[in-house]
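Next come the chains, spelled out residue by residue.
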Amino acid sequence: MDRQTIEIYDAKAADYAKLITSDAPSRHLRAFMEALPKGGHALDLGCGPGNAAATMRDAGFRVTALDASAKMVELGKERYGLDITLGTFDDVIQTAEYDGIWASFSLLHAPRDHIPRHLTAIHTALKPQGIFVIGVKTGTGTERDSLGRQYTYFEPAELDALLRAAGFTPTSSATGSDTGLAGDISPWIIVTAHA
């Protein structure tokens, strides 16, 4: 991952946690949890301060959480008692380990040319028919936001093709737009797929 992006998340961890923390899980996280087997094993990939990981844990799932920001790891431990692994997308090296992988607006920080290998690794880490949810900002190209974070943008058809090339079967998607940490409104897509 881009070192500058990680440093910005370290510096803005508390602000980011305030932005994304809510009292109830999003409809996308609820649907993800409903698709997991009872007590299943989920990976929260790029978990940030751990709010989704804590929600899954509290719902009875076994959760592994991974994030590249040391400050996010600290926040997850302080706020939710989570044992978050400090690491990057390259640390997804398991085979048939997870019932589901939740990658909510994390993989968009990976360089475009790394996305195929990350998706292949995620597919390998999932059990057969495991569920994968990915959220990214839509658009084209790669650029830094006003805070300096590196973003890779995807058009829906491109993301669909990348998922299929990695062996996934996309089953549903949702689009929208929200205000992010930088204060701008960005369009996004969340895709649910099966291994």
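Let me begin by describing the structure that accompanies this report.

### A look at the side chain of Asp 99
- Along the chain, Asp 99 falls in strand E4 (residues 98–104).
- Given the relative accessible area of 15%, Asp 99 is considered buried.
- One polar contact links the side chain of Asp 99 to the main-chain amide nitrogen of His 41, over a distance of 2.7 Å.
- Separated by 3.3 Å, the side chains of Asp 99 and Lys 127 make a polar contact.

### Describing the packing of aromatic side chains
- Counted under the stated rule, the structure contains four aromatic pairs.
- Arranged with centres 5.4 Å apart and planes meeting at 45°, the rings of Phe 32 and Trp 102 form a pair that is tilted. In this pair, Phe 32 sits in helix H3 (residues 27–35) while Trp 102 sits in strand E4, placing the two residues 70 residues apart along the sequence. For the pair shown, Phe 32 and Trp 102 are each scored as buried.
- Relative to Tyr 153, the ring of Tyr 151 has its centre 6.0 Å away and its plane inclined at 25°; by these criteria the two rings are stacked.
- Given the relative accessible area of 3%, Tyr 151 is considered buried.
- Classification of Tyr 153 by relative accessible area gives buried; the value is 13%.
- In this structure, Arg 112 is placed above the aromatic ring of Phe 154, and the distance from its NZ or CZ to the ring centre is 5.1 Å.
- One cation-aromatic arrangement involves Lys 137 over Tyr 151; the distance from NZ or CZ to the ring centre is 4.1 Å.

### Points about the pairing of E4
- Of all seven residues making up E4, six are buried, and the element is well covered by its neighbours.
- Direction of pairing for strand E1 (residues 41–45) relative to E4: parallel, over a ladder of three bridges. Note on E4: the bridge partner recorded for Ala 42 is Gly 100.
- Relative to strand E5 (residues 126–137), E4 runs parallel, the two being bridged by six bridges. Each bridged residue has a counterpart across the sheet, and for Gly 100 the counterpart in E5 is Ile 131.
- Crossover connection from E4 via helix H6 (residues 115–125) to parallel E5: handedness right-handed.

Conventions and cut-offs
- Residues numbered from 1 in each chain as written.
- Predicted model: local features only at pLDDT ≥ 70, side-chain atom pairs only at ≥ 80, totals over all residues.
- Heavy atoms only, no water.
- Helix = DSSP H or I, 4+ residues; strand = E, 2+ residues; numbered from the N terminus.
- Buried < 20%, exposed > 50% of the residue type's maximum accessible area, 1.4 Å probe, protein only.
- Polar contact = N/O pair within 3.5 Å; in protein donor to acceptor, adjacent residues only side chain to side chain.
- Phe/Tyr/Trp six-rings, centres within 6.5 Å; stacked < 30°, edge-to-face > 60°.
- Lys NZ or Arg CZ within 6 Å of the ring centre and 35° of its normal.
- Pairing = 2+ DSSP bridges.
- Right-handed = clockwise from strand over helix to strand, strands pointing away.

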